[in-house]
Amino acid sequence: MAAPILRLLALLPASLCFQLAPQQRSLGPAWAPRAGAALAQAEADPGGGDDDGLSLGDELASQLRQALGSMEKEELRASDERVLDSMVDERKQAFNAVQGDLADAASKLQDELESRLEAELTSVKAEAMAKIDAAVDKLRASAAAAEPAAAAAAAAAAAAASRDSELDFADPRRALLTPGSRIAVVGAESELGAALCDALAASGEGWEVAALCTEPEGGAAAALGVEVRPFSPFTPSALARSLSDADAVLVLSEGACGSGGAEPKAVGRLLKALPARTRRLLLVSTHGVDRTNALPFSMENMFGGKLDKQRALEQEALLAARKALPGHSIARFGKLKPSPRASSSSASASASASASSPSVELAPGDALSGEMSTADAAAVLVEALRRPESVNATFSAAPRSSSSPPPAAAAGLNDEWLKLVGPEIYRRPLEAVTPHEAASWLREFARQLLRPGQGLPTPVTVADLPDGVLLRFVTTGYGYDSYEKEEARGAEDKWAEGGERARGNPDGALRLLAESEPSARLRVARAEMAPGTLVKETSEELLLRRLAKGIDELEAAARRSR
């Protein structure tokens, strides 16, 4: 015990030694030899010690505690700092040695990596140059044979360019496909993708189909019967080559088509790689993306937010299409049931039958539910590429439910596609009144909306149509004269000019139509919806409630009068 204490005394500050000096003198002449003997014994036998050594150690410890207790705080802090500095210096030396070893190892590793990378790049460059030389030789050999086909393709491209030059970029007619247009199908390895490739090949439109597959050499891709190209969304150069000549791109999303469909990350990369010549984007989505607060879609969306992710994918596609393309479409289906593969002739007949079949129902937005076969869904998509009604439209498709009004037999699916124009927001058959009587009543009904206290939340102007009336929403300058002034104008023209009194900027419109073909009915559709025009949801809901109540009363009165 004496030896460690004596070593500790060596580290004490000088002031502490001076404090201990009187204590040493008080021990008498015998203290020094005793201390020396104790120190010698402690050095010789660190683990041992006699009673004298222990008493000397205890005495020294007692004196040390007294001395330490009487030291100034500054001296204690300085002593602690010296001890800490000594420890820090030792650790720094050890760290510097390790750091130097690591730096040497990193430098050697970097040199080795650079040498390997240089060797790999040299090999890749040599291989690429060899492939380029082989491709050039092949092109030169086939140039003579390809001259007639190239001339025909150039003529078709020139005709299409001439047609497009006559139209504004935003004109939906630029999105219509012509014979010879190239269609790229992304997600062709899904069940719907296989049915769609069959339907496109058998459509008779003269379209060229390219199926983009993640595994172009796989069994599913080999059985498609159309040209197969690699789909490498995370390799920009390969993706650009596969899409380079696509006039239209059909994206079958994984959320709607299941296994084999395009996953959201891949769709995002694809949207950024669309070539300048692409005129049309058609995205296949699923029912329920706008109804996540209603059953059964709320349960489907509860775990993982499947429908929320699908809605985000739709919005991403819409933003990309509106920015760069003349036309786009979003088709929403329910659960898809696989259909057996058919030959090209039977596929053509099946697609034609499905496209005109009244058993398929369409609706703008996200209003339908129900399972559909992949053959029927493929037929709807082919028809969407043919029809101008589907350009810049979002619609849902499903088998016709028993509660839906029966379609006009003569119109077939044509009447279903008419719903997308506007789009249509209301339809009901006329039973007790004629379309002519209903059109006259619609004009009176519209002018009632101009009366004080009976208007809509958004002011309107009124204009007559041959088969109904047009309500234009206006944004500013709305006002009424007092009731007394209106009375002074006379009963005969009291509301005749009501449409002229609501002045402001046009901001969308509604067509209220009484039609006789293909059957007697009443329809309401949006109109004049320029880009950026907001839907007046509150005004539309109020108008439709009043309209339904009014037409019910009109037909009830007509039945009573007969």
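Note that the structure is a prediction, hence the values are computed from the model and not measured.

(A) Region of the structure containing the overall build of the protein. In terms of regular secondary structure, the protein is built from 19 helices and 15 strands. Look at the contacts in the protein between residues 6 or more apart in sequence, and 75% of them connect residues 24 or more apart. Element-wise, carbon and sulfur atoms account for 56% of the exposed surface of the protein, whose accessible area totals about 30,700 Å².

(B) Structural detail: the pattern of salt bridges. Tallied over the full model, the rule gives 34 salt bridges. Glu90 is the partner of Arg91 in a salt bridge, and the nearest nitrogen-oxygen pair spans 3.9 Å. In this structure Arg91 comes out as exposed when scored by relative accessible area, which is 55%. Classification of Glu90 by relative accessible area gives partly exposed; the value is 45%. Between Arg182 and Asp245 there is a salt bridge, with its nearest N and O atoms 3.4 Å apart.

(C) Spatial organisation of the packing of aromatic side chains. Summed over all chains, the structure comprises two aromatic pairs. With centroids separated by 5.4 Å and ring planes inclined at 70 degrees, the aromatic side chains of Phe395 and Trp417 adopt a geometry described as edge-to-face. Of this pair, Phe395 sits in strand 10 (residues 393-399) while Trp417 is found in helix 15 (residues 414-417), placing the two residues 22 residues apart along the sequence. As far as burial versus exposure is concerned, Phe395 and Trp417 are alike and both buried. Here Trp441 and Phe445 contribute two aromatic rings whose centre-to-centre distance is 5.2 Å and whose plane-to-plane angle is 20 degrees, an arrangement assigned as stacked. Linking Trp441 with Phe445, this pair stays in helix 16 (residues 435-448), spanning four residues, or about one helical turn.

(D) Representation of the sheet that holds strand 12 (residues 460-465) within the structure. Read across the open sheet, the five strands follow the order 11-15-14-13-12; overall the sheet is antiparallel. The strands lining the two open edges of the sheet, one partner per strand, are strand 11 (424-429) and strand 12. For this sheet the average axis-to-axis angle between neighbouring strands, irrespective of direction, equals 15 degrees. Note that strand 11 and strand 15 (residues 521-527) share five bridges and pair antiparallel. From the neighbouring strand, Arg427 faces strand 15, where its bridge partner is Arg523. Contacts from helix 16 reach strand 12, strand 13 (468-474), strand 14 (506-515) and strand 15 within the one sheet, and its direction differs from that of strand 14 by about 150 degrees. Sheet strands touched by helix 19 (residues 537-561): strand 11, strand 13, strand 14 and strand 15. Its angle to strand 11, the strand with the most contacts, is close to 10 degrees.

(E) Main features of the nonpolar core. Counting residues in hydrophobic clusters, the biggest one holds 44 residues, and the most contacted among them are Ile183, Leu192, Leu196, Leu200, Val284, Phe333 and Leu381. In contact with Leu196, other than residues within four places in its own chain, are Val185, Leu250, Leu252, Ala378, Leu381 and Val382. Counting 28 residues, the second-largest nonpolar core is a separate cluster that includes Leu430, Ala432, Val524 and Leu544.

(F) Main features of the packing of helix 6 (residues 191-201) against helix 14 (residues 374-386). Packing of helix 6 against helix 14 brings their axes to within 8 Å, and their N-to-C directions diverge by 50 degrees. Taken together, the axis directions place helix 6 and helix 14 in an arrangement best described as oblique. Seen along the crossing, helix 6 lies across helix 14 with a hand that is right-handed. Mapping the contact onto sequence places Glu191, Leu192, Ala195, Leu196, Ala199 and Leu200 in helix 6 and Thr374, Ala375, Ala377, Ala378, Leu381, Val382 and Leu385 in helix 14. A class-by-class count of the residues in the contact of helix 6 with helix 14 yields 11 nonpolar, one polar and one charged.

(G) Inspection of the side chain of Lys419 at higher detail. Of note, Lys419 is situated in the loop between helix 15 and strand 11. What makes Lys419 buried here is its relative accessible area of 10%. A distance of 3.0 Å separates the side chain of Lys419 from the side chain of Glu416, its partner in a polar contact. Those residues in contact with Lys419, other than ones at most four positions away along the chain, are Glu361, Leu362, Pro364, Glu424 and Arg427.

(H) Representation of the state of the cysteines in the model. In the structure shown here, the tally under the stated rule is zero disulfides. Cys213 provides the cysteine sulfur closest to Cys197, a residue in no disulfide bond, and the two sulfurs are 7.3 Å apart. For Cys197, a relative accessible area of 0% puts it in the buried group.

(I) A look at unusual backbone geometry. Cis rather than trans, the peptide bond between Leu295 and Pro296 has omega equal to 0 degrees. Mapping Pro296 onto the fold places it in the loop between strand 5 (280-286) and helix 11 (297-302). The step from Glu517 to Pro518 runs through a cis peptide bond, and the omega angle for that step is 0 degrees. Mapped onto the elements of the fold, Pro518 is located in the loop between strand 14 and strand 15. The phi torsion at Asn392 lies on the positive side, around 60 degrees, for a residue other than glycine. With respect to the helices, strands and loops of the structure, Asn392 is situated in the loop between helix 14 and strand 10. In this structure, Glu528 is a non-glycine residue whose phi angle is positive, near 55 degrees. Structurally, the position occupied by Glu528 is in the loop between strand 15 and helix 19. Owing to a relative accessible area of 38%, Glu528 belongs among the partly exposed residues under this scheme.

Rules and cut-offs
Residues numbered from 1 in each chain as written. Predicted model: local features only at pLDDT ≥ 70, side-chain atom pairs only at ≥ 80, totals over all residues. Heavy atoms only, no water. Helix = DSSP H or I, 4+ residues; strand = E, 2+ residues; numbered from the N terminus. Contact = heavy atoms within 4.5 Å. Areas by Shrake-Rupley, 256 points an atom, 1.4 Å probe, with all protein chains shown as cover. Salt bridge = Lys/Arg side-chain N within 4 Å of Asp/Glu carboxyl O. Buried < 20%, exposed > 50% of the residue type's maximum accessible area, 1.4 Å probe, protein only. Phe/Tyr/Trp six-rings, centres within 6.5 Å; stacked < 30°, edge-to-face > 60°. Pairing = 2+ DSSP bridges. Axes fitted to C-alpha atoms, helices over the stretch in contact; angles between N-to-C directions. Core = buried A, V, L, I, M, F, W, Y, C linked by side-chain atoms within 4.5 Å. Parallel < 35°, antiparallel > 145°, perpendicular 65-115°, else oblique. Left-handed = near helix turned anticlockwise from the far one by under 90°. Nonpolar A, V, L, I, M, F, W, Y, C, P; charged D, E, K, R; others polar. Polar contact = N/O pair within 3.5 Å; in protein donor to acceptor, adjacent residues only side chain to side chain. Disulfide = S-S within 2.5 Å.

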